[in-house]
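A structural walkthrough
Listed here are the chains, written in short residue letters.
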Amino acid sequence: MDLLRSANREQIARRRKIDFCLHLLFAAATSVGVVALCALLIDILIDGIGRLRPELFEHFPSRRADRAGMKSAIVGSMYMLGIMLPISFMLGVGAAIWLEEYAGRGRLTRLIRLNIRTLAGVPSIVYGILGLTLFVRMLMLQRSLLAGAFTMTILVLPIIIVAAQEALRAVPKSRREAAYALGANKWQTVSRAVLPSALPGILTGVILAMSRAIGETAPLIMIGALTYVAFLPKSVLDPFTVMPIQIFNWMSRPQPEFHELAAAGILVLLALLLLMNFAAILLRNKYSKQI
Amino acid sequence: MSMLRKGFLPFVMAAVMVLAAACGSGNGENGGNEGGTTSAAGGSGGSGGSVDSQAKAAKENAGGGNGEQQPKLSGSIEIDGSSTVYPLTEAVAEEYAAEQPDVRVTVGTSGTGGGFERFCAGEIPIADASRPIKDSEAQVCAEAGIAYTELSIAYDGLSVVVNKDNDWVDYLTIEELKRIFVAGSGVRTWADVREGWPAEEITLFSPGADSGTYDYFNEAILEKAGIRSDGQISFSEDDNTLVRGVAGNKGGIGYFGYAYYEENTDKLKVVPIDGGSGPVAPSLDTIKDGTYSPLSRPLFIYVNNQALEERPEVKDFVRFYIGNVGGLAKDVGYVPLPDEKYAEEAAKIGA
């Protein structure tokens, strides 16, 4: 009996030790990412904080680091988001509603779903080539804000559709059935019972997709977004530039002052991203309470 | 908790608005800086003489140099091409905005090859290039019926650099340089380069094969034999990466534009190159007078002849470019051409 008990105690001690070791291992795995991110943030903060002045927002690009700003890039990014947001919201949510609520479970819908999921993982440069062929050349939009916004819309559409689909699917079946029981038709059910409770999820997906779009460079370089633009776009057919392109250009300059500007630009971009993600969380909380 | 949440949403929106306002309000304040002549020139349409002279004075202040009275032009000029030439074109475009605020100049960085592709498709009137046009590209232009003028705008001295702790390299001949970098090179250590040097392993850093810098090096040093591609060489399209590579490897050697050496003289040691008449190190003077040979290379812009003739704003911009780029070149780390060379280039476009 004694022997058995002590053996048991040894076993437990060993298991505890393994548990402790694995705990440490997992904590280390998490911290690798966090530490790397912190190091990056601190590095950028040290480099960029001194350049985070009003000039950065008020000036156009310049050969002199002291006078250089990213006004046209910030405004370009904002305009692009402003154009894409409604288009991609309507197309993305519309497609998701059709796929989830109206389309049957046939082979065609399955194929479409598979396609959309695959598209969500396609490298962004491919969308750049698509945008160049379709919007810039075939539709003759040239290298305009509109061509850029359309290309980015196509880039984020699969992400929005998938997120919206998940959100719609998460709405309990009982809600739909309750609506039908009250005599509502399909559209009434979708618009008044399903959509409102799926909205937080959809909005989160849309905002996350937008924050991906704002950081994308490759497709825009492909369709010919420019580097030096010393005016603000007056119409959607004007040439434009966006923040990541300006940052990349400053980063590749030889002068260290431009590297500091690039770091400041990264800070602005990061702040904007955080703000958008924060807005996503707030919206989710706000709407999920009302249901 | 819910108070907190309700309080935050307006806060976030307010923050977004502040950001947007900061960008927007710049419009007004900016007038004082870059758009300085915008208001003056804008008023000249109605009131005439006195405002014009004011605009002219401002122009001369901005380093225009060319005192001729200019008619007010408008339109947009799209330029694309080499990212090496970009800082020069950006500087010129920035100054030109003070002279002709209604001409909107945009500059892209698709690379020399990408720029020529668009140039020969007739999409852009001016292409930036860090090497002369290739025969294949010239053929595309010819087939599209696009005649062009090549203008040299500045020099860049390709600088060969080694690590700061490298105390054995005093100079390299172009034969040695070729032996180090050429495809199929058997050079493993510095001892393989010249007798008496230590058997320190050599690590090479080169711009990628897409860059005009590589093209020029391949032609001038490697005699088009191509660069080696093995475990000892690293390529990067970003010259700052090359700088860091050489600075971090005792046996490192690399080459890139003079501006990147000039900004990193504390981290790198430049190697004088012996092109047959004694070792010469790159500097503003040796690049300008041509003694730093064969590694000082001219940079170009290519201008569509039809645009030059039919669009006054293009001609005026090119005239301004040739007239002012010399003074701006040093600002961005390039070497201006001799004055008589600029006069030659200006004569090509009849300005």
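Residues numbered from 1 in each chain as written. Chains lettered and ligands numbered in written order. Predicted model: local features only at pLDDT ≥ 70, side-chain atom pairs only at ≥ 80, totals over all residues. Heavy atoms only, no water.

Right, let's talk about the overall build of chain A for a bit. In terms of helices and strands, chain A carries 11 helices and 1 strand. Starting at the N terminus, the α and β elements of chain A follow one another as α-α-α-α-α-α-α-α-α-β-α-α. Over its C-alpha trace chain A gives a radius of gyration of 25 Å, far above what one expects of a compact globule, namely 19 Å for 291 residues. Referenced to the eigenvectors of the C-alpha coordinate spread, the extents of chain A come out at roughly 85 × 60 × 35 Å. Taken over 291 residues, chain A has a buried fraction of 46%. Taking the contacts inside chain A whose residues are at least 6 apart along the sequence as the reference set, 73% of them involve residues at least 24 apart. When the accessible surface of chain A is totalled, it reaches about 14900 Å², and 69% of it is carbon and sulfur. Charged side chains in chain A number 31 positive and 16 negative. The centres of these two groups are separated by 10 Å. (Helix = DSSP H or I, 4+ residues; strand = E, 2+ residues; numbered from the N terminus. Rg over C-alpha atoms; globule rule 2.2 N^0.38 Å. Buried < 20%, exposed > 50% of the residue type's maximum accessible area, 1.4 Å probe, protein only. Contact = heavy atoms within 4.5 Å. Areas by Shrake-Rupley, 256 points an atom, 1.4 Å probe, with all protein chains shown as cover. Lys, Arg positive; Asp, Glu negative; His and termini not counted. Charge placed at Lys NZ, Arg CZ, Asp CG, Glu CD.)

Glancing now at the overall build of chain B. The helix and strand tally for chain B stands at 14 helices and 13 strands. In chain B, which comprises 351 residues, the share counted as buried stands at 50%. Of all intrachain contacts in chain B linking residues separated by at least 6 positions in sequence, the fraction that spans at least 24 positions is 75%. Split by element, the accessible area of chain B, about 15000 Å² in all, is 51% carbon and sulfur.

This brings us to the layout of surface pockets. Empty pockets left among the atoms are what a rolling probe the size of a water molecule brings to light. Residue and element names in this part refer to chain B. If you add up the space inside the largest pocket, you get close to 1000 Å³. In terms of lining residues, the largest pocket is bounded by 43 residues, among which S82, S83, T109, G111 and E237 are the most central. Across the lining of the largest pocket, the residue classes tally to 13 nonpolar, 19 polar and 11 charged. (1 Å grid on protein atoms, 1.4 Å probe; cavity = no way out; pocket = protein on both sides within 12 Å on 5 of 7 lines; lining within 4 Å. Points joined across faces, edges and corners; volume = space filled by probe spheres on them. Nonpolar A, V, L, I, M, F, W, Y, C, P; charged D, E, K, R; others polar.)

Further remarks concern the confidence of the model for chain B. Residues and elements named next belong to chain B. Mean pLDDT over chain B: 80, with 80% of residues reaching 70 or higher. pLDDT under 50 marks residues 1-67. Its contacts with residues more than four places away, or in other chains, come to 65 contacts. Across the interface, the model reports ipTM at 0.74; the global pTM reads 0.76. (pLDDT = per-residue confidence, 0-100.)

Every buried residue belonging to helix α9 (residues 239-248) of chain B is among D239, N240, L242, V243, G245 and V246 of chain B, and all of these are buried. Of the residues flanking the start of α9 of chain B, the one acting as N-cap is D238 of chain B, its side-chain oxygen 2.9 Å from the backbone nitrogen of N240 of chain B. (Polar contact = N/O pair within 3.5 Å; in protein donor to acceptor, adjacent residues only side chain to side chain.)

Turning our eyes to something else, we now look at the pairing of strand β4 (residues 148-157) of chain B. Residues and elements named next belong to chain B. Where burial is concerned, most of β4 is hidden: 8 out of the 10 residues are buried. Of the strand pairs in this sheet, β4 and strand β13 (residues 296-304) are connected by 9 bridges, and their pairing is antiparallel. When the sheet's bridge partners are listed, G157 is paired in β13 with S296. (Pairing = 2+ DSSP bridges.)

What follows deals with a nonpolar patch on the surface. Judged by side-chain polarity, I18, L22, L25 and F26 of chain A come together as a nonpolar surface patch covering roughly 400 Å² of accessible area. For L25 of chain A, the location among the structural elements is in helix α1 (residues 2-48). (Patch = residues over 30% accessible without salt bridge, like charges linked within 9 Å, V, L, I, M, F, W, Y side chains within 5 Å. Salt bridge = Lys/Arg side-chain N within 4 Å of Asp/Glu carboxyl O.)

So, about empty space enclosed by the protein. For the coordinates displayed, the defined rule picks out 1 cavity of 30 Å³ or more. The space that makes up the largest cavity amounts to roughly 30 Å³. Lining the largest cavity are R253, P254 and Q255 of chain A together with P87, A259, V332 and Y334 of chain B. Of the residues assigned to the lining of the largest cavity, the class counts are 5 nonpolar, 1 polar and 1 charged.

Residues and elements named next belong to chain B. Spatial strand order, β8-β7-β9-β5-β10: 5 strands in an open sheet with mixed pairing. The outermost strands of the open sheet, each flanked by one partner alone, are β8 (233-236) and β10 (268-270). Geometrically, the sheet is characterised by an average inter-axis angle of 25° between neighbouring strands, direction not taken into account. Of the strand pairs in this sheet, strand β7 (residues 203-207) and strand β9 (residues 252-256) are connected by 3 bridges, and their pairing is parallel. Following the sheet pairing, F205 is matched in β9 by G254. Its contacts with the sheet put helix α7 (residues 174-181) on β5 (159-163), β7, β8 and β9, and the angle it makes with β9 is roughly 105°. With respect to the sheet, α9 is in contact with β5, β7, β8, β9 and β10, its orientation differing from that of β9 by roughly 155°. (Axes fitted to C-alpha atoms, helices over the stretch in contact; angles between N-to-C directions.)

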